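# Breakdown of the fold
In case you want the letters, here they are:
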Amino acid sequence: MSADPSVRGLTSTAATSAAPQARTGAAPSRRTTLVLVGLVLLALGACAAYLVLEARGSWDFVLPFRGRRLAALAVVGAAVAVSTVVFQTLTENRILTPSIMGFDALFVLIQSLAVLGLGSIALNQVPVPLQFGVEVVVMLGASTALFFWLFGGARRSLHLLVLVGVVFGVLFRSLSALVQRLIDPNEFAVLQSRLFASFGAVDPQLLAISAVVVAVTCAWLWSRRRELDVLLLGRAHAVALGVDHRRAVLSLLLAVGLLVSVSTALVGPITFFGLLVANLAYLVAGSHRHAVTLPVAVLLAVVVLVGGQAVLEHLLDAGTVLSVVVEFLGGIVFIALLVAGGRGR
Amino acid sequence: MIEVRSVTKRYGRTVVVDDVELTLPAGGLVSIIGPNGAGKSTLLSIVARLLPADAGSVLVDGHDVASTPGDVLARRLAVLRQENHLTVRLTVRDLVAFGRYPHSRGRLTTTDEAHVDAALEHLGLTDLAGRFLDQLSGGQRQRAHVAMVLAQDTEYVLLDEPLNNLDMKHARQMMRMMRRAADELGRTVVVVLHDINFAAAYSDRVVAMRDGAVVVQGTPAQIMTPEALHAVYDMDIAVHDVAGAPLAAYYV
Ligand SMILES: Nc1ncnc2c1ncn2[C@@H]1O[C@H](COP(=O)(O)OP(=O)(O)OP(=O)(O)O)[C@@H](O)[C@H]1O
Ligand SMILES: [Mg+2]
C-alpha cells in the first residue's frame with residue numbers, strides 16, 4: 001500500500017517513505033476470522049442438537065416447543081454477554097458484572113414484596129406481561145436513578161458508582177431476607193421457585209417483546225463499537241481523543257441497564273454467567289476491538305447455554321439445572337480471576 | 001494561541017494552581033519547568049480539558065476548552081499525560097492508531113495508515129509495531145505513547161515529561177523532533193521538562209512554575225541565571241557559558 005500523497009502534517013515528512021508492512025489495526029486478522037467462523041458453526045451445531053436430539057413424538061409439537069426455549073436461551077445469552085462486555089469496558093475491570101451491582105438483589109426484593117403483598121394466589125392472577133412490565137420498569141428506573149445520581153453530577157466516579165451499587169445490593173438482599181421471614185412457609189416455596197433462573201416456561205409474548213428490545217439495544221451498542229474501543233483506554237485518553245465521556249458512559253450504562261433488566265425479568269437472576277462468557281471471549285478473540293469481542297461473547301453465550309441445555313435436558317434428563325451449572329462455572333471463573341489478579345500484582 | 005485566564009484549581013483547601021495567567025502564542029516550543037508538585041501537570045491537564053478548573057478559563061485559538069465540543073478540540077490539540085497506564089492489552093500499532101480516532105472515528109483510511117506509519121517511524125518504533133506494550137521497555141513504551149500523540153496530527157501538542165525513561169540519544173531525538181515540528185510545520189509544542197539544560201537548548205520560551213504559580217518566564221537566556229533558577233528551585237546553581245549557550249551545572 002503506498003502512502004497517500006495528500007498526507008500532510010507533523011508526521012508528513014516520513015509518510016511517503018514509510019515501508020509497507022503487516023497491518024494489525026485495519027482488516028480482521030486471520031485468527032479473528034477463524035474464531036468467528038468456528039463459533040458460528042459451534043452455535044449452529046448446538047442449536048440443531050437442542051432442536052432434534054432425543055425428539056420423540058410429532059415434530060409439529062416438538063419444534064415450536066423447543067424453538068421457543070431455544071429463542072429464550074439465545075435472547076438471554078445475547079443480553080448477558082453484551083451487557084457484561086460493555087459494562088466491563090466502561091468500568092475498565094474484568095471481574096465485575098452488572099448483576100453484581102444489585103440487579104439480582106432488586107429482582108429478589110421485588111418478587112418477595114409481591115408475594116408478601118399480594119399472596120401467591122393473587123399474584124398468579126396478575127397477567128404475566130404486567131408482571132414483566134413492572135419488573136423491567138422498576139429495575140430500569142432504579143438503575144437509571146443510580147446512574148444519574150452518581151454519574152450525572154459534578155462528581156463522576158465510576159468506581160463510586162459500582163461501590164454504591166454493591167452496597168445497594170446488600171441492602172436489597174437484607175430487605176428481602178426480612179420480607180421473606182414475614183412470608184408464610186407455603187408462600188415461601190412459591191417464592192423460591194420464582195427466584196431461580198428458569199428457561200423452562202417462558203411466556204411467548206414476553207419472549208417476543210424481550211427479543212425485540214434486546215435486538216434493538218444490541219444493534220445500537222454495535223453502532224457504538226468504535227467509541228467503546230476508545231473507552232477501553234480509560235477516561236483521560238477517551239477525552240483527549242474527543243469522546244464526550246460523560247454522555248457516552250451514561251447512555252451506554254442505560255443500555256446495559258435495559259439489557260440486564262429485560263433478561264432478569266424474563267428468566268430470573270443470572271450473576272456469574274456473564275463473567276464466564278466475557279472472559280472466555282477476551283481469551284479467544286485475540287483482539288481488543290468490540291467489533292470482535294461483542295459477537296464472540298454472544299456466540300460463546302449461545303454455545304454454552306444452548307449446548308449445555310441440549311446435553312442436560314436431552315441426554316442427562318436434568319434440564320432444570322442449567323442455571324445452576326452455568327452459575328457454578330461462572331463462579332469458578334470469578335474465583336480464578338480473583339486469584340490470578342491477586343498474584344499479578 | 002493558548003490563553004490561560006485566572007485559572008485556579010484546589011483539592012480540598014489546598015490550592016495547587018493559583019490564579020494563573022499565561023499566554024502562549026501559536027507556533028514555537030514552550031517548556032514548562034518547576035519542582036515536583038509545582039502544578040505543571042495540573043495546569044497542562046486543565047488546558048487539555050482533562051481536568052476541570054475551579055475558576056478561570058482556558059482558550060485555545062479563542063475556543064473555551066470547557067465548552068468546545070470534545071471532537072473539535074481533539075483535532076486541534078493533543079496531549080501526552082505524565083502517567084499512561086492502560087488496562088487493555090494493545091500492540092504498539094493499535095495504540096498509535098487510536099491517535100487517528102478524532103479524524104477517522106476508528107475507520108482507518110490510507111491517510112490514517114500513513115500517519116500511523118510515519119509516527120512509528122519518527123519514534124523508531126517501526127520494528128516494534130507488532131509488539132504488545134507490556135513486552136516493551138519503559139522508554140520504548142514512552143515513545144509509543146508519544147507516537148500516538150503525534151499521529152493525532154494537531155496544531156497544538158502538549159507533552160508532560162516526554163523524556164521520562166528515555167536514554168540520552170532518544171531524549172535528544174525527541175527534543176529535535178519537537179523542534180522540527182515547531183519550525184517546519186508551524187506547530188505549537190508545550191512540553192513539561194525537568195532537565196533545564198534541554199529546556200534552555202531547545203525552547204523559544206521557558207515558563208517556570210512553583211507552588212501553583214508562574215514565578216518566572218521568558219527566553220532561555222532570561223531563565224538561565226543563578227537568580228532566576230534560585231527563585232524557582234531554591235538551589236544555588238551556577239550557569240556556565242559553553243560554546244555560546246548557557247549550561248546549568250545543577251549536578252554538584
Ligand atoms: N487528585 C489529587 N488530589 C489531591 N492533591 C493532588 C491531586 N493531584 C495532584 N495533587 C497535588 O497537586 C500538586 C500539583 O501536582 P502536579 O501533578 O500538577 O505537580 P507537577 O508540577 O506536575 O509535579 P511533578 O514534577 O512531580 O510531576 C501536588 O502538590 C499534588 O500533591
Ligand atoms: Mg507532573
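Here, the structure is the one placed above.
Residues numbered from 1 in each chain as written. Chains lettered and ligands numbered in written order. Predicted model: local features only at pLDDT ≥ 70, side-chain atom pairs only at ≥ 80, totals over all residues. Heavy atoms only, no water.

### Quick word on the site of ligand 1
Residue and element names in this part refer to chain B. Worth spelling out the cut-off: Summary of the distance rule: residues count as near a molecule or strand when at least one heavy atom falls within 4 Å of that molecule or strand. The definition of a polar contact used here is a pair of N or O atoms within 3.5 Å, where within protein one atom must be able to donate a hydrogen and the other to accept one, and adjacent residues in sequence count solely through side-chain atom pairs. Computed with the Shrake-Rupley method and a 1.4 Å probe, the accessible areas treat only the protein chains shown as cover for residues. Helix numbering and strand numbering both begin at the N terminus, where a helix is a DSSP run of H or I of at least 4 residues and a strand a DSSP run of E of at least 2. The classification used treats Ala, Val, Leu, Ile, Met, Phe, Trp, Tyr, Cys and Pro as nonpolar, Asp, Glu, Lys and Arg as charged, and all other residues, Gly among them, as polar.
If you check the shell around ligand 1, you find 13 residues, and the closest are Gly 37, Lys 40, Ser 41, Thr 42 and Gln 82. The contact in question runs from an oxygen atom of ligand 1 to an N or O atom on the side chain of Glu 161, over 3.4 Å. In the model, an oxygen atom of ligand 1 is placed 3.1 Å from a nitrogen or oxygen of the His 194 side chain. For ligand 1, whose unbound accessible area comes to 630 Å², protein coverage reaches 59%. Among the elements that take part in the shell around ligand 1, helix α1 (residues 40–47) stands out by supplying three residues, more than any other. The class makeup of the residues in the shell around ligand 1 is four nonpolar, seven polar and two charged.

### Things to note about the pattern of salt bridges
All names here are of chain B. Just so we agree on the cut-off: Each reported salt bridge corresponds to a side-chain nitrogen of Lys or Arg within 4 Å of a carboxyl oxygen of Asp or Glu. Type-normalised accessible area, obtained with a 1.4 Å probe on protein chains alone, sets the label of each residue: buried when under 20%, exposed when over 50%, and partly exposed for intermediate values.
Counted according to the given criterion, the structure contains 13 salt bridges over all chains. Its salt-bridge partner being Arg 105, residue Asp 71 comes within 3.6 Å of it at the nearest N-O pair. You can see Asp 71 sitting in helix α2 (residues 70–74) and its partner Arg 105 sitting in the loop between α4 (101–104) and α5 (110–122), a full 34 residues away along the chain. When its relative accessible area of 25% is taken as the criterion, Asp 71 is described as partly exposed. Judged by its relative accessible area of 33%, Arg 105 is partly exposed. The partner of Asp 153 in a salt bridge is Arg 187, with the nearest N and O atoms 3.2 Å apart.

### Observations concerning the packing of aromatic side chains
Let me state the cut-off plainly: Only Phe, Tyr and Trp rings are paired, with Trp represented by its six-membered ring, and only when their centres lie within 6.5 Å; those with planes under 30 degrees apart are stacked, over 60 edge-to-face, the remainder tilted. Here, a charge over a ring means that NZ of Lys or CZ of Arg falls within 6 Å of the ring centre while also lying within 35 degrees of the ring normal.
All chains considered together, the criterion is met by three aromatic pairs over all chains. The interplanar angle of 35° and the centroid separation of 5.8 Å between the aromatic rings of Phe 168 of chain A and Phe 172 of chain A together place this pair among those described as tilted. Taken together, the residues Phe 168 of chain A and Phe 172 of chain A, both in helix α6 (residues 158–182) and four residues apart, mark about one turn of the helix. Since its relative accessible area comes to 16%, Phe 172 of chain A is described here as buried. The ring centre of Phe 132 of chain B lies 3.9 Å from the NZ or CZ of Arg 89 of chain B, which sits over that ring.

### Focus on the coordination of the magnesium ion (ligand 2)
Residue and element names in this part refer to chain B. Under the convention used in this document: Think of the donor list as every N, O and S atom within 2.8 Å of the metal, or within 3.2 Å for Na, K and Ca; water never makes the list, so a site can look incomplete.
Here the magnesium ion (ligand 2) is held by the protein donor atoms Ser 41 (OG) and Gln 82 (OE1), which lie 1.9 to 2.1 Å from it. On the criterion of sequence distance, the pair formed by Ser 41 in helix α1 and Gln 82 in the loop between β6 (77–80) and α3 (92–98) is long-range, its members being 41 residues apart. Ser 41 sits in the partly exposed class, given a relative accessible area of 23%. When its relative accessible area of 31% is taken as the criterion, Gln 82 is described as partly exposed.

### A closer look at the side chain of Arg 100 of chain B
Quick note on the threshold: Residues count as neighbours in contact if any of their non-hydrogen atoms are within 4.5 Å of one another.
Note on placement: Arg 100 of chain B falls in the loop between α3 and α4. Excluding its chain neighbours within four sequence positions, the residues that come into contact with Arg 100 of chain B are Arg 105, Leu 108, Asp 112, His 115, Val 116, Ala 151, Gln 152 and Asp 153 of chain B.

### So, the state of the cysteines
Residues and elements named next belong to chain A. Spelled out, the test is: We call a pair of cysteine sulfur atoms a disulfide when they lie within 2.5 Å.
Within this structure, the stated rule accounts for zero disulfides over all chains. Cys 47 takes part in no disulfide bond, and the closest cysteine sulfur to it belongs to Cys 218, at a distance of 16 Å. On the basis of relative accessibility, which here comes to 19%, the residue Cys 218 falls in the buried class.

### Digging into the nonpolar core
The cut-off we apply is this: The criterion is simple. A nonpolar core is a set of buried Ala, Val, Leu, Ile, Met, Phe, Trp, Tyr and Cys residues joined through side-chain atoms within 4.5 Å.
One finds Val 86, Leu 266 and Phe 273 of chain A to be the most contacted residues of the largest nonpolar core, which totals 155 residues. Broken down by element, the residue count for this core peaks at 14 residues, all from helix α3 (residues 59–91) of chain A. Among all residues touching Leu 266 of chain A, those that are not within four sequence positions of it are Val 75, Val 76, Phe 132, Val 202, Leu 206, Leu 207 and Ser 210 of chain A. Counting residues in hydrophobic clusters, the runner-up holds 30 residues, among them Ile 2, Leu 50, Val 60 and Leu 158 of chain B.

### Let's talk about unusual backbone geometry
Leave glycine aside and you will find that most residues have negative phi; peptide bonds, for their part, are mostly trans. Residue and element names in this part refer to chain B. Of note, the phi angle at Arg 49 is positive, near 50°, even though the residue is not glycine. Structurally, Arg 49 is set in the loop between α1 and β4 (55–60). Phi is positive for Asp 61, close to 50°, though the residue is something other than glycine. Mapping Asp 61 onto the fold places it in the loop between β4 and β5 (63–64).

### A word on α3 of chain A
We apply this condition: Any helix carries an expected span of 1.5 Å times its number of residues minus one.
Taking 1.5 Å per residue, 33 residues should reach 48 Å; α3 of chain A reaches 47 Å between its end C-alpha atoms and fits that length. Positive backbone phi, approximately 50°, marks Glu 92 of chain A, located one or two places after α3 of chain A.

### Topic: empty space enclosed by the protein
For clarity, the threshold we go by: With a 1 Å grid spanning the protein atoms alone, the term cavity applies to any set of points in which a 1.4 Å probe fits but cannot get out, the term pocket to an open set with protein on both sides within 12 Å along at least five of seven lines, and the term lining residue to any residue with an atom within 4 Å of a point. Grid points are joined across faces, edges and corners, and a volume is the space filled by probe spheres set on the points.
Counted by the stated rule, this structure contains seven cavities of 30 Å³ or more. The computed volume of the largest cavity comes to approximately 110 Å³. Taken together, 13 residues form the lining of the largest cavity, with His 237 and Ala 240 of chain A together with Val 79, Met 148 and Val 149 of chain B sitting closest to its centre. Those elements that provide at least two residues to the lining of the largest cavity are α10 (235–240) of chain A together with β6 and α6 (138–151) of chain B. Split into classes, the residues belonging to the lining of the largest cavity amount to eight nonpolar, four polar and one charged.

From the geometry alone we can't say anything about function, so treat these as descriptive.
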